[in-house]
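Listed below are the residues making up each chain.
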Amino acid sequence: MSPKTLRFEPARWLSVVHETRYDYAPPVELGHHLGWLLPRTTLRQQVRGWQLHISPAPDEWLQAGVGEGGPVPPGQLHEDVFGNRWLAFSHSRQHAQLRVVSRFEAGVGWVPGLSPHLSPAWEQVAETLRYHAGATRSESVEFSLASPCVPLTPALADFGREAFSPATPLLAGALRLMKLVHQRMAYVPGSTSVSTRAPEALAGGQGVCQDLAHVMMGALRALGLSARYISGYLLTQPPPGMPKLVGADASHAWVEVWCPLHGWVALDPTNDLIVGPDHVTLAWGRDYADVAPLRGMINGGARAEPLVSVNVEAVP
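1. With respect to the overall build of the protein
Stage number 1. Secondary structure summary: the protein contains 8 helices and 14 strands in total.
Stage number 2. The C-alpha atoms of the protein give 20 Å as radius of gyration, which agrees with the globular expectation for 316 residues (20 Å, within 12%).
Stage number 3. Its C-alpha atoms give the protein principal-axis dimensions of about 60 × 50 × 40 Å.
Stage number 4. Out of the 316 residues in the protein, the part that is buried amounts to 50%.
Stage number 5. If you sum the accessible surface of the protein, you get close to 14,200 Å²; carbon and sulfur atoms cover 55% of it.
Stage number 6. Within the protein, the 27 negative side-chain charges are centred at a point lying 4 Å from the centre of the 24 positive side-chain charges.

2. Some words on the confidence of the model for the protein
Stage number 1. Mean pLDDT for the protein: 91, with 96% of residues reaching 70 or above.
Stage number 2. Across residues 1-6 the pLDDT falls below 50, and counting only partners more than four positions away or on other chains, this stretch makes 14 contacts in the model.

3. Re the pairing of strand β1 (residues 12-35)
Stage number 1. Pairing of β1 with strand β5 (residues 95-108) involves 13 bridges; the strand directions are antiparallel. Each residue of the ladder has a partner; that of Glu 19, found in β5, is Val 101.
Stage number 2. Pairing of β1 with strand β14 (residues 307-314) involves 8 bridges; the strand directions are antiparallel. The residue bridging Val 17 from the neighbouring strand is Asn 311, located in β14.
Stage number 3. Looking at chain direction, β1 and strand β13 (residues 294-300) are connected through 7 bridges and run antiparallel. Among the inter-strand pairings, His 33 is bridged to a residue of β13, identified as Gly 296.
Stage number 4. Direction of pairing for β1 relative to strand β4 (residues 85-91): antiparallel, over a ladder of 5 bridges.

4. A closer look at unusual backbone geometry
Stage number 1. Here the bond from Ala 25 into Pro 26 is cis, since omega is 0 degrees, no more than 30 degrees from zero.
Stage number 2. Structurally, Pro 26 can be placed in strand β1.
Stage number 3. For Ala 167, which is not glycine, the phi dihedral falls at a positive 70 degrees.
Stage number 4. Residue placement: Ala 167 occurs in the loop between α4 (154-161) and α5 (170-184).
Stage number 5. In this structure, Asp 272 is a non-glycine residue whose phi angle is positive, near 55 degrees.
Stage number 6. On the secondary structure map, Asp 272 appears in the loop between β10 (263-268) and β11 (273-274).
Stage number 7. Residue Asp 272 is classed as partly exposed on the basis of its relative accessible area, which comes to 22%.

5. Quick notes on the layout of surface pockets
Stage number 1. By volume, the largest pocket amounts to about 1,200 Å³.
Stage number 2. Considering the residues around the largest pocket, the lining is formed by 39 residues, among which Val 194, Gln 210, Tyr 288, Pro 306 and Val 308 are closest to the centre.
Stage number 3. Tallied by class, residues from the lining of the largest pocket come to 21 nonpolar, 13 polar and 5 charged.

6. Overview of the packing of aromatic side chains
Stage number 1. Following the criterion strictly, the structure yields 9 aromatic pairs and no others.
Stage number 2. Between Tyr 22 and Tyr 24, the ring centres sit 6.0 Å apart and the planes meet at 10 degrees, which makes this aromatic pair stacked.
Stage number 3. For Tyr 22, a relative accessible area of 14% gives the class buried.
Stage number 4. Between Phe 82 and Phe 143, the ring centres sit 5.4 Å apart and the planes meet at 40 degrees, which makes this aromatic pair tilted.

7. Considerations on α5
Stage number 1. In this model α5 runs 21 Å from its N-terminal to its C-terminal C-alpha over 15 residues, within 8% of the 21 Å that 1.5 Å per residue would give.
Stage number 2. Within α5, the full set of buried residues consists of Leu 170, Leu 171, Ala 172, Gly 173, Ala 174, Leu 177, Met 178, Leu 180 and Val 181.
Stage number 3. On its buried face, α5 is in contact with α2 (122-129), α4, α7 (209-222), β9 (252-259), β10 and β11.

8. Some details on the pattern of salt bridges
Stage number 1. As enumerated under the stated definition, the model contains 13 salt bridges in all.
Stage number 2. Put simply, Asp 23 and Arg 21 hold a salt bridge, and the shortest N to O gap is 2.9 Å.
Stage number 3. With a closest N to O distance of 3.1 Å, Glu 127 and Arg 130 form a salt bridge.
Stage number 4. Judged by its relative accessible area of 34%, Glu 127 falls in the partly exposed class.
Stage number 5. Salt bridges here are not isolated pairs; linked through shared partners, they connect Glu 139, Arg 228 and Glu 256.

Definitions and limits used
Residues numbered from 1 in each chain as written. Predicted model: local features only at pLDDT ≥ 70, side-chain atom pairs only at ≥ 80, totals over all residues. Heavy atoms only, no water. Helix = DSSP H or I, 4+ residues; strand = E, 2+ residues; numbered from the N terminus. Rg over C-alpha atoms; globule rule 2.2 N^0.38 Å. Buried < 20%, exposed > 50% of the residue type's maximum accessible area, 1.4 Å probe, protein only. Areas by Shrake-Rupley, 256 points an atom, 1.4 Å probe, with all protein chains shown as cover. Lys, Arg positive; Asp, Glu negative; His and termini not counted. Charge placed at Lys NZ, Arg CZ, Asp CG, Glu CD. pLDDT = per-residue confidence, 0-100. Contact = heavy atoms within 4.5 Å. Pairing = 2+ DSSP bridges. 1 Å grid on protein atoms, 1.4 Å probe; cavity = no way out; pocket = protein on both sides within 12 Å on 5 of 7 lines; lining within 4 Å. Points joined across faces, edges and corners; volume = space filled by probe spheres on them. Nonpolar A, V, L, I, M, F, W, Y, C, P; charged D, E, K, R; others polar. Phe/Tyr/Trp six-rings, centres within 6.5 Å; stacked < 30°, edge-to-face > 60°. Expected span 1.5 Å × (residues − 1). Salt bridge = Lys/Arg side-chain N within 4 Å of Asp/Glu carboxyl O.

This is the structure we're talking about:
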């Protein structure tokens, strides 16, 4: 059965400001950077007014006659194999600070119509994702395989089986797994690094949103199911009377699991909830390594940790 075609109505519009700053001492002499900072348009999200400010102005901006704060020059935006838009920029002159600010508005909402107990049995879905000679392969197959941050181990498979007993409907099992990850993995900022892999995070029993997403994906993939990593943001100040979600003060991460009946279904194990109008999607890939918002290489300067701030507010 093919995924449902759903009519999208934004529940609210959100304003997003994502700032990353590096302070270098001594100054950097040469820098090359890649950024996954342009948000996607999806079934549950519309995007308008994206702007990017980089200070100091990159070489490519100056060569195109664009000053600091000007639009991204033609040719600097590219598309990766997952359909995300990314950009590259360089600095060949000395600088003591790098500041990158992304701003945009997103209209977000629910994707209705989920029927967890009517979804196919998980074993049936896993079988369709296995290699069969002559079969047409969908994009979901790639997200059922191991990746750098999510190697598939017996421990992850055992963890997944706690949620997926025989013949369990796929989405019912995925919701149960999300709750298990939320219960077993403590959210502890600073307890892991961007290089921590899913097996180590599971063994340690703690981490941040990136780690909880990796653990959930690893458990799903270890059972032969398909799951992809979503980078994005959370509403910083929730509506009156609603609790503030964990991870709202920084970039966030969650999981989308593939179900033939519903398509890609977004689940947030950090907060144990189905993704809705508090979540803004930035990019997706096999794991964090595919879609890190900003990465690069520098010559000169001591190692500098990024200072990141994210602010997401409802548009009046």
